Every structure is written in C-alpha cells, then in structure tokens.
Amino acid sequence: MTETEALKKAAARFEKQEGYSVRIVRVPFEELQPKFQVAAPVRKGPDLITGPHDWVGPFATAELISPIEISGQEKSKFLEVPIKTLSFKGKLYGLPISMETLGLIYNKKFIKKPPSTMRELITIADCANRGKIEELKGKKSADGNSYDDMLNYEAIKSTKVSGFLYEIEDFYFSWGFLGGFGAYIFKDTPEGLDPYDIGLAKAEAVKAMHYLMDLKNKYNLIPQGMSKDIANGRFMENDLLFTINGPWALVDYKKQKIDFGFAPLPKLENGRHPAPFVGVQGIYLNSRSEKKAIATKLMKEICSQQGQVDIYLEGGRVPSRYDSQEDKRLSTKVSMKRHRSGYSTASLVTDLEKEENEDLKGILEAASNGTPMPNLPELGAIWTPMKEAIQLIMNGKQTPEQALPAAQERIKSNVERMRR
C-alpha cells in the first residue's frame, strides 16, 4: 500500500483510544510476501500485514496468518464478495480494505463517450492510428451507435495519438478476455473451486487467444514489447485514447491533470463483457503475533468507515464497506443489489443513484462483470506458464492450440507438486 498518510491517521486514532503505539513499515510489493514468509515463522514479522486476497490460501495453509472473529453485525457492514474472498476453508482470515478491478480508461480530451463494444473500440483505435479519424464522421457503428457521440474529432485530428495500448502479454491484464469468452481457471463447483479441473486450454480459451492475436496482428493495435509502463506513460502525456488499467493508476492521472474516464471493458461480439480479475486488498493477522487481540482492534480501525474513506481519498482504492461507499466525501450514493450466486461469477454490481462519483461508478460497474481472483494456493501455479504461453503466441512461435495445452500441463504438474 502507498496510502501511508491514511494509515497514519488510523494509527493515531487507535493510539488515542487504546494507548498502544503503532509502527508502519513500507515494503516494496515484490518483497513483501517473501519477507513475511521468512520473518513470520521466527517471530520477526509484523503483527499485521496488508496484501492481495490471493495470499490468503498460501498464508493460511502455511499457518502464517490466524483466522479472525468478528460479529455478524460487523461482517454485514462489508460487501459480501470481499468477505468471501478473504475466507478460506470456512474461516475468515482478514478484513477487506478495498477492492479493485481493471477497466477501460479513456482520455476525455478526445473521447466524449466510451465505446460500448470492442468492435467500436477497434474501429476508433484503427482510425486514430492511421490519422484517419474523420472517416467516422456522421457514421454509425455496426452496433448502431453514432461515432459523433463518442469522438472529439478536432482534438484527435490536431494531435498524433495512438488508439489503444495495454500489456497484452501480462496474463493478469489479458485474463478478462479469456473469461469473457467463457474460459475458467479452476472449475467452480458446489464444494468450491476445483484446482484439478483447469480450463485454460479449452476451446473458449483458444478462441480468446486468437482474438488477442487479432488485436496485435490483424488490427495492428498493440506493438511488440508493449508494457504497462509504456502505455501508462503515453496516457499521461495525452498521447493515447484508451488503455486497460486499474484504480491504482487514477491518482497519477489526477496529479498530471489528465481528464480521464473509467468504464467497464466493452462488450465482445458474443454480447458479453470481458471478465477481469476482481481483487481485494486485505489486512491479515500474523499467527505468531503476541498482541492478537489488540492487533485485531487496529485492523478494524484501518477498515472502519473513516479508514476506508481516507484510503480512497489518498490513493483511490474503492472501499469495501457499504457506509464508506455511501460517504458524501465520495460524492455518490450506492444501494446494493443481491449478487449472483457462484464464486467465480459473483457480481459486485451496484445500483447507483444520481450525483455519482464517475470514477467509483465505473470501477463498480467494471467489477460487476469480473471474476474474483481465486484465493487458493494453487493460483500461484498459473502465472509463469500462462505468461510464457502468451509470449510464445504473440511472438508467433506457437499457435494457441499448441501453447495453451502445454501451459495447462505445466500448471497441472505444478498443482500436483504443491498438493504432495
């Protein structure tokens, strides 16, 4: 987490209430998990640690974190899905600080209204790349929408901009397209996710990968070597119409005074939205903490209504509490619909009233289409094989029909080794 000032405010309230001092230590994200895994067993780790919800399974299995007890009334203050993602084998292992997902981020200098379909996005991006945006004047898309309603032609024409860039070889960023075509990572069953039933080489995943190949090769939208840092930099320089990113990027856009919008990823030709990962930032209790009761109180203070509002205002992380989302400082009112059943298809969709915070609305709408990232330890088995498979495909060294089955076999072998 980078929201140090918000954490300091929560710590100050806690110190005043309880009389205990709090030390907050910032650790680079890539170092945080391995350092905790080494330090915690020898009682050198912190009482509390923040991190994504897919750490729950590995940490709980290794007995590095303890289940926590909260009342039904306390639990009801949080959205159901974030609570579910922090639960493992029937026990709650943390409190959700915030939730996040990927969406389509667009530059309002050029885009008046985001495209509702990927067909429209591809057409706009292609015309922008060729410097022929005015070809769309007076025209409607194949989906019946007017391009004039979407585009500021003069702004686009007067500046050489790219249409659409994102890190296509990153499985985290590209998974949403696989999910939108009906692929799955682990099969969702009445007993929970089955790590032995992996759906990353099925026909739906192969079809999605051909679609991603078309974005790169047929439509020439994504150049070789595109990274999230390059795409982000181009967006902050007002040189890009669309990118795929998450709420964590919005603070930098605001600092650069970029007029942006956040929308769900546009619908695919099958009528479904891509289903990006929905992640939860949680806070967890070290199982070897000598102050578990008092540390749990600090955890609750950080995840209080005030705590989550402060974190949102500093870093843009979407609150996981109803009352925090309803706080007037977020300039929105939110009333929840009951989400659909099923873990991997659970919806965070909200029915938003008028005078909303557009960023928050876009993030919540994007999350409503998403796939909660599995919190099983076996999730760690997928990242490297899938990233390497996508690289082979995008570099033309293997077809999806070749690369995905090979990656899935590697994942199965990794899962079996983890289960021994």
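Residues numbered from 1 in each chain as written. Predicted model: local features only at pLDDT ≥ 70, side-chain atom pairs only at ≥ 80, totals over all residues. Heavy atoms only, no water.

### Section: unusual backbone geometry
Peptide bonds are, in most cases, trans, and in most cases residues other than glycine have a negative phi. Look at Arg43: it is not a glycine, yet its phi comes out positive at around 60°. Assignment of secondary structure puts Arg43 in the loop between α2 (29-39) and β1 (48-52). Taking relative accessible area as the criterion, Arg43 reaches 57% and is therefore assigned exposed. You will see that Asn238, though not glycine, has its phi angle at about 60°, which is positive. Among the structural elements, Asn238 can be located in the loop between α11 (228-236) and β9 (240-245). In this structure Asn238 comes out as partly exposed when scored by relative accessible area, which is 23%. (Helix = DSSP H or I, 4+ residues; strand = E, 2+ residues; numbered from the N terminus. Buried < 20%, exposed > 50% of the residue type's maximum accessible area, 1.4 Å probe, protein only.)

### Re helix α16 (residues 358-368)
Of all 11 residues that make up α16, 8 are buried, and the element is covered over most of its length. Every buried residue belonging to α16 is among Asp359, Leu360, Gly362, Ile363, Leu364, Ala366, Ala367 and Ser368, and all of these are buried.

### Some thoughts on the pairing of strand β5 (residues 103-107)
Counting buried residues along β5, 5 of its 5 residues qualify, which places the element largely inside the surrounding structure. Bridging between β5 and β9 involves 4 bridges; their strand directions are antiparallel. Bridge pairing in β9 places Gly103 opposite Asn245. The pairing of β5 with strand β10 (residues 260-263) spans 4 bridges and is antiparallel. What sits directly across from Asn107, in β10, is Phe260. (Pairing = 2+ DSSP bridges.)

### Notes on the side chain of Asp359
By the element assignment, Asp359 lies in helix α16. We classify Asp359 as buried; its relative accessible area is 13%.

### A look at the packing of helix α1 (residues 4-18) against helix α14 (residues 305-315)
Running from amino to carboxyl end, α1 crosses α14 at an angle of 160°, the nearest separation of the two axes being 8 Å. The angle between α1 and α14 falls in the class roughly antiparallel. The chirality of how α1 crosses α14 is right-handed. Each of Thr4, Glu5, Ala6, Lys9 and Arg13 in α1 lies in contact with α14, whose residues at this interface are Gln306, Gly307, Asp310, Ile311 and Glu314. (Axes fitted to C-alpha atoms, helices over the stretch in contact; angles between N-to-C directions. Parallel < 35°, antiparallel > 145°, perpendicular 65-115°, else oblique. Left-handed = near helix turned anticlockwise from the far one by under 90°. Contact = heavy atoms within 4.5 Å.)

### Focus: the packing of aromatic side chains
A complete count under the given rule lists 16 aromatic pairs for this structure. When the ring of Phe164 is compared with that of Tyr166, the centres are 5.7 Å apart and the planes differ by 35°; the resulting orientation is tilted. Of the residues examined, Phe164 reaches a relative accessible area of 1% and is grouped as buried. Grouped by ring-pair contacts, the aromatic residues Phe171, Tyr172, Phe173, Trp175, Phe277 and Trp383 constitute a single cluster. Stacked on the ring of Tyr184, the Lys or Arg Lys187 has its end atom at 5.1 Å from the ring centre. The ring of Phe78 carries the charged tip of Arg321 above its face, separated from the ring centre by 5.3 Å. (Phe/Tyr/Trp six-rings, centres within 6.5 Å; stacked < 30°, edge-to-face > 60°. Lys NZ or Arg CZ within 6 Å of the ring centre and 35° of its normal.)

### Notes on the nonpolar core
Leu151, Phe164, Phe171 and Leu178 are the most contacted members of the largest nonpolar core, which totals 128 residues. It is helix α10 (residues 203-218) that provides the largest number of residues to this core, a total of 8 residues. Residue contacts for Leu178: discarding those within four places in its chain leaves Phe171, Ala183, Leu200, Ala205, Ala208, Met209, Leu212 and Met386. (Core = buried A, V, L, I, M, F, W, Y, C linked by side-chain atoms within 4.5 Å.)

### Regarding the pairing of β9
Here β9 lies mainly inside the structure; 6 of its 6 residues are buried. Relative to β9, strand β6 (residues 162-165) is paired through 3 bridges, and the arrangement is parallel. When the bridges of β9 are listed, Leu165 appears paired with Thr243.

### Here's the deal with the confidence of the model for the protein
The predicted model of the protein has a mean per-residue pLDDT of 91, with 94% of residues at 70 or higher. Confidence drops under pLDDT 50 across residues 332-354; counting only partners more than four residues distant or on other chains, this segment forms 64 contacts. (pLDDT = per-residue confidence, 0-100.)

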